[in-house]
Amino acid sequence: MSGKNKQIIGVILPCYNEELVLNETSAQINTILQDLISREVISEKSFAVFVDDGSKDKTWEMIEKNASEYPTIKGLKLAGNVGHQKALLAGLLTFKDEADALISIDADLQDDVNAIPEMVKK
């Protein structure tokens with residue numbers, strides 16, 4: 001980025017009853033962000049936020065566990081289930097001032113997380 005500060009990138013992942021996939025998703029997202037950080041493509045302040053949309057399973061407990069294990073992972077717990085779009089909006093509005101750009105993807109890995117480096121590049 002020749003002379004410019006590295007950009008802080010945030011990834012917002014709305015979650016509802018995602019306990020079966022959260023460990024894998026957290027690991028993949030952390031690996032991608034850490035790789036981009038180590039290659040000095042993005043700032044070391046970059047992060048991913050898993051937004052718990054009032055899950056009834058162990059989603060929040062897993063988000064807390066993964067946030068304690070991975071330096072790039074954060075969590076946001078909503079008071080109740082408000083729906084995917086509102087959970088996404090809550091994440092975007094909560095973290096809009098902490099990043100230069102925010103990327104949204106689904107927590108169930110239906111979106112290709114490997115597209116994140118390409119999005120950052122563009």
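Because the structure is predicted, anything quoted here is derived from the model rather than measured.

A. The arrangement of the pairing of strand β1 (residues 9-15) in detail. The buried fraction of β1 is high, at seven of seven residues. Residues Ile 9, Val 11, Leu 13 and Cys 15 point to one face of β1 and Gly 10, Ile 12 and Pro 14 to the other, with burial holding for every one of them. Of the strand pairs in this sheet, β1 and strand β2 (residues 47-52) are connected by six bridges, and their pairing is parallel. Bridge pairing in β2 places Pro 14 opposite Val 51.

B. Inspection of the packing of aromatic side chains at higher detail. Enumeration according to the criterion identifies one aromatic pair in this entry. Directly above the aromatic system of Phe 47 lies the positively charged group of Lys 74, at a separation of 4.4 Å from the ring centroid.

C. View of the environment of Leu 88. Looking at the secondary structure, you find Leu 88 in helix α3 (residues 84-95). Classification of Leu 88 as buried rests on a relative accessible area of 13%. Along the sequence, Leu 88 and Cys 15 sit 73 residues apart, while their C-alpha atoms lie 9.0 Å from each other. Aside from chain neighbours lying at most four places away, what touches Leu 88 is Ile 12, Pro 14 and Ser 104.

D. A look at the packing of helix α1 (residues 22-38) against helix α2 (residues 59-69). Between α1 and α2, the least distance of the axes is 10 Å, while the angle of their chain directions is 30°. What the angle tells us is that α1 and α2 run roughly parallel. Once α1 is placed against α2, the crossing between them reads as right-handed. Of α2, the residues touching α1 (which contributes Leu 22, Asn 23 and Ser 26) are Thr 59, Met 62, Ile 63, Lys 65 and Asn 66. Partitioning the contact of α1 with α2 into residue classes produces three nonpolar, four polar and one charged.

Definitions and cut-offs
Residues numbered from 1 in each chain as written. Predicted model: local features only at pLDDT ≥ 70, side-chain atom pairs only at ≥ 80, totals over all residues. Heavy atoms only, no water. Buried < 20%, exposed > 50% of the residue type's maximum accessible area, 1.4 Å probe, protein only. Helix = DSSP H or I, 4+ residues; strand = E, 2+ residues; numbered from the N terminus. Pairing = 2+ DSSP bridges. Phe/Tyr/Trp six-rings, centres within 6.5 Å; stacked < 30°, edge-to-face > 60°. Lys NZ or Arg CZ within 6 Å of the ring centre and 35° of its normal. Contact = heavy atoms within 4.5 Å. Axes fitted to C-alpha atoms, helices over the stretch in contact; angles between N-to-C directions. Parallel < 35°, antiparallel > 145°, perpendicular 65-115°, else oblique. Left-handed = near helix turned anticlockwise from the far one by under 90°. Nonpolar A, V, L, I, M, F, W, Y, C, P; charged D, E, K, R; others polar.

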